[in-house]
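Each chain, written out:
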Amino acid sequence: MAVTIQIRRVANRGAPLDLPRYESPGAAGLDLRADEAVTLAPGERRLVPTGLAVEIPPGYEGQVRPRSGLALRHGIGMVNAPGTIDSDYRGEVGVLLVNHGQAPVGFARGDRIAQLVIAPVVQAELVLVDALSDSGRGDGGFGSTGHQ
(Lines give C-alpha, C1' and ligand atoms only; values in the text may rest on other atoms or scores of the structure.)
Protein backbone atom coordinates (compact mmCIF):
# COMPACT_ATOMS: atom_id res chain seq x y z
CA MET A 1 0.00 0.00 0.00
CA ALA A 2 1.41 3.39 -0.95
CA VAL A 3 0.44 6.84 0.28
CA THR A 4 1.46 10.08 -1.42
CA ILE A 5 3.57 12.43 0.70
CA GLN A 6 4.25 15.92 -0.60
CA ILE A 7 7.71 17.20 0.29
CA ARG A 8 9.46 20.54 -0.16
CA ARG A 9 12.86 21.99 0.54
CA VAL A 10 12.58 24.72 3.18
CA ALA A 11 16.17 25.84 3.54
CA ASN A 12 19.02 26.79 1.26
CA ARG A 13 22.11 25.62 3.13
CA GLY A 14 24.00 24.58 0.01
CA ALA A 15 23.47 22.30 -2.98
CA PRO A 16 20.17 20.40 -2.76
CA LEU A 17 20.50 17.10 -0.91
CA ASP A 18 19.02 13.86 -2.18
CA LEU A 19 15.39 13.46 -1.21
CA PRO A 20 14.62 10.74 1.33
CA ARG A 21 14.29 7.32 -0.26
CA TYR A 22 13.92 3.68 0.63
CA GLU A 23 17.35 2.04 0.39
CA SER A 24 16.01 -1.47 -0.27
CA PRO A 25 12.76 -2.96 -1.61
CA GLY A 26 11.72 -4.12 1.88
CA ALA A 27 12.77 -0.99 3.80
CA ALA A 28 10.17 0.48 6.14
CA GLY A 29 11.91 3.86 6.53
CA LEU A 30 13.02 6.63 4.22
CA ASP A 31 16.50 7.87 5.11
CA LEU A 32 16.72 11.45 6.40
CA ARG A 33 19.93 13.44 5.94
CA ALA A 34 21.58 16.18 7.99
CA ASP A 35 21.25 19.54 6.25
CA GLU A 36 24.24 20.96 8.13
CA ALA A 37 27.47 19.59 9.54
CA VAL A 38 27.33 18.83 13.26
CA THR A 39 29.57 17.26 15.88
CA LEU A 40 28.04 15.82 19.05
CA ALA A 41 30.16 15.56 22.18
CA PRO A 42 29.49 12.63 24.52
CA GLY A 43 26.18 13.27 26.30
CA GLU A 44 25.29 16.15 23.97
CA ARG A 45 21.92 16.42 22.25
CA ARG A 46 21.09 18.63 19.31
CA LEU A 47 18.22 19.31 16.94
CA VAL A 48 19.66 18.60 13.49
CA PRO A 49 17.77 20.15 10.56
CA THR A 50 16.90 18.14 7.44
CA GLY A 51 16.02 21.10 5.21
CA LEU A 52 12.70 19.42 4.38
CA ALA A 53 9.03 19.85 5.22
CA VAL A 54 6.41 17.20 4.50
CA GLU A 55 2.65 17.16 4.05
CA ILE A 56 1.39 13.94 5.56
CA PRO A 57 -2.24 13.19 4.75
CA PRO A 58 -4.87 12.96 7.50
CA GLY A 59 -5.02 9.48 8.99
CA TYR A 60 -1.21 9.09 8.88
CA GLU A 61 1.81 10.23 10.86
CA GLY A 62 5.51 10.38 10.21
CA GLN A 63 7.65 8.51 12.74
CA VAL A 64 11.24 9.76 12.90
CA ARG A 65 13.35 6.87 14.16
CA PRO A 66 17.03 6.37 14.92
CA ARG A 67 19.32 4.45 12.59
CA SER A 68 20.44 1.17 14.14
CA GLY A 69 23.92 1.32 12.58
CA LEU A 70 24.63 4.70 14.20
CA ALA A 71 23.46 3.33 17.54
CA LEU A 72 25.64 0.23 17.26
CA ARG A 73 28.81 1.91 15.97
CA HIS A 74 28.69 5.27 17.75
CA GLY A 75 26.01 5.25 20.46
CA ILE A 76 23.90 7.79 18.55
CA GLY A 77 20.19 7.75 19.33
CA MET A 78 17.24 10.07 19.49
CA VAL A 79 16.04 11.67 22.69
CA ASN A 80 12.37 11.30 21.72
CA ALA A 81 12.39 8.12 19.65
CA PRO A 82 10.25 7.86 17.74
CA GLY A 83 9.54 11.50 17.05
CA THR A 84 6.10 12.16 15.61
CA ILE A 85 5.29 14.38 12.64
CA ASP A 86 1.56 15.11 12.78
CA SER A 87 -0.47 15.40 9.58
CA ASP A 88 -1.09 19.11 10.20
CA TYR A 89 2.58 20.07 10.77
CA ARG A 90 4.21 21.93 7.87
CA GLY A 91 7.50 23.11 9.37
CA GLU A 92 11.00 21.81 8.84
CA VAL A 93 11.63 18.26 10.00
CA GLY A 94 14.34 18.15 12.64
CA VAL A 95 16.01 15.15 14.24
CA LEU A 96 16.78 15.36 17.96
CA LEU A 97 20.03 13.36 18.16
CA VAL A 98 21.90 12.41 21.33
CA ASN A 99 25.40 10.97 21.69
CA HIS A 100 25.33 8.15 24.24
CA GLY A 101 28.87 7.14 23.28
CA GLN A 102 32.24 7.90 24.81
CA ALA A 103 33.70 9.99 21.96
CA PRO A 104 32.59 12.94 19.82
CA VAL A 105 30.73 11.94 16.65
CA GLY A 106 30.66 14.14 13.58
CA PHE A 107 28.19 14.23 10.73
CA ALA A 108 28.79 15.93 7.42
CA ARG A 109 26.01 17.69 5.58
CA GLY A 110 24.21 14.98 3.62
CA ASP A 111 24.96 12.11 6.04
CA ARG A 112 22.02 9.84 6.82
CA ILE A 113 21.02 10.49 10.44
CA ALA A 114 17.54 9.00 10.90
CA GLN A 115 14.70 7.33 9.09
CA LEU A 116 11.12 8.38 8.43
CA VAL A 117 8.38 5.76 8.65
CA ILE A 118 4.87 6.67 7.46
CA ALA A 119 2.22 4.92 9.55
CA PRO A 120 -1.57 4.95 9.84
CA VAL A 121 -3.08 6.63 12.90
CA VAL A 122 -6.30 5.85 14.69
CA GLN A 123 -7.73 8.60 16.87
CA ALA A 124 -9.47 7.37 20.01
CA GLU A 125 -12.77 8.50 21.43
CA LEU A 126 -12.43 8.73 25.20
CA VAL A 127 -15.37 7.69 27.40
CA LEU A 128 -15.28 8.59 31.09
CA VAL A 129 -16.45 5.69 33.29
CA ASP A 130 -16.58 4.96 37.02
CA ALA A 131 -14.77 1.60 36.72
CA LEU A 132 -12.73 -0.40 34.22
CA SER A 133 -13.16 -4.10 33.46
CA ASP A 134 -11.04 -6.65 35.33
CA SER A 135 -7.93 -8.11 33.72
CA GLY A 136 -5.33 -10.66 34.76
CA ARG A 137 -2.80 -7.90 35.34
CA GLY A 138 -5.01 -5.37 37.05
CA ASP A 139 -3.15 -2.25 38.12
CA GLY A 140 0.28 -3.92 38.29
CA GLY A 141 2.82 -1.39 37.07
CA PHE A 142 6.41 -1.44 35.90
CA GLY A 143 7.98 -4.90 36.10
CA SER A 144 4.76 -6.56 37.20
CA THR A 145 4.38 -8.97 34.27
CA GLY A 146 6.27 -12.21 33.79
CA HIS A 147 6.69 -12.94 37.51
CA GLN A 148 5.40 -16.18 38.95
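Basis of the calculations
- Residues numbered from 1 in each chain as written.
- Predicted model: local features only at pLDDT ≥ 70, side-chain atom pairs only at ≥ 80, totals over all residues.
- Heavy atoms only, no water.
- Helix = DSSP H or I, 4+ residues; strand = E, 2+ residues; numbered from the N terminus.
- Rg over C-alpha atoms; globule rule 2.2 N^0.38 Å.
- Contact = heavy atoms within 4.5 Å.
- Areas by Shrake-Rupley, 256 points an atom, 1.4 Å probe, with all protein chains shown as cover.
- Buried < 20%, exposed > 50% of the residue type's maximum accessible area, 1.4 Å probe, protein only.
- Pairing = 2+ DSSP bridges.
- Axes fitted to C-alpha atoms, helices over the stretch in contact; angles between N-to-C directions.

A. Seen up close, the overall build of the protein chain. From N to C terminus, the protein chain includes one helix and 11 strands. Of the regular secondary structure in the protein chain, the N- to C-terminal order runs β-β-β-β-β-β-α-β-β-β-β-β. Scaling as 2.2 N^0.38, a compact globule of 148 residues should have a C-alpha radius of gyration of about 15 Å, whereas the protein chain reaches 19 Å, well beyond that. For the C-alpha atoms alone, the extent of the protein chain along its principal axes is close to 60 × 40 × 30 Å. When contacts within the protein chain are restricted to residue pairs at least 6 apart in sequence, long-range pairs at least 24 apart make up 70% of them. Within the structure as shown, the protein chain displays about 9800 Å² of accessible surface, and the carbon and sulfur contribution to it stands at 51%.

B. Main features of the side chain of Asn-99. As for its placement among the helices and strands, Asn-99 is situated in strand S9 (residues 94-99). A relative accessible area of 1% places Asn-99 in the buried class. Once you skip the residues sitting within four places of it in the chain, Asn-99 turns out to touch Leu-40, Ala-41, Pro-42, Gly-43, Glu-44, His-74, Gly-75, Ile-76, Pro-104 and Val-105.

C. Up close: the pairing of S9. Bridge count for strand S4 (residues 45-49) against S9 is five bridges, and the pairing is antiparallel. Each residue of the ladder has a partner; that of Arg-45, found in S9, is Val-98. Two strands pair when backbone bridges link them, and strand S7 (residues 76-78) and S9 are joined in this way by three bridges, in the antiparallel orientation. Paired with Gly-77 across the bridge in S9 is Val-98.

D. Summary view of the sheet that holds strand S8 (residues 83-85). Spatially, the four strands line up as an open sheet ordered S2-S11-S6-S8, and their pairing is antiparallel. Only two strands of the sheet have a single partner each, and these edge strands are strand S2 (30-33) and S8. Averaged over all pairs of adjacent strands, the angle between strand axes in this sheet comes to 35 degrees, irrespective of strand direction. In the sheet, strand S6 (residues 60-66) pairs with strand S11 (residues 112-120) via seven bridges, with the strands oriented antiparallel. Paired with Gly-62 across the two strands is Ile-118, which belongs to S11.

E. View of the sheet that holds S7. Sheet architecture is open: three strands sit in the order S4-S9-S7, paired in antiparallel fashion. Each end of this open sheet is capped by a strand with a single partner; those strands are S4 and S7. Averaged over all adjacent pairs, the angle separating strand axes in this sheet is 40 degrees, with direction ignored.

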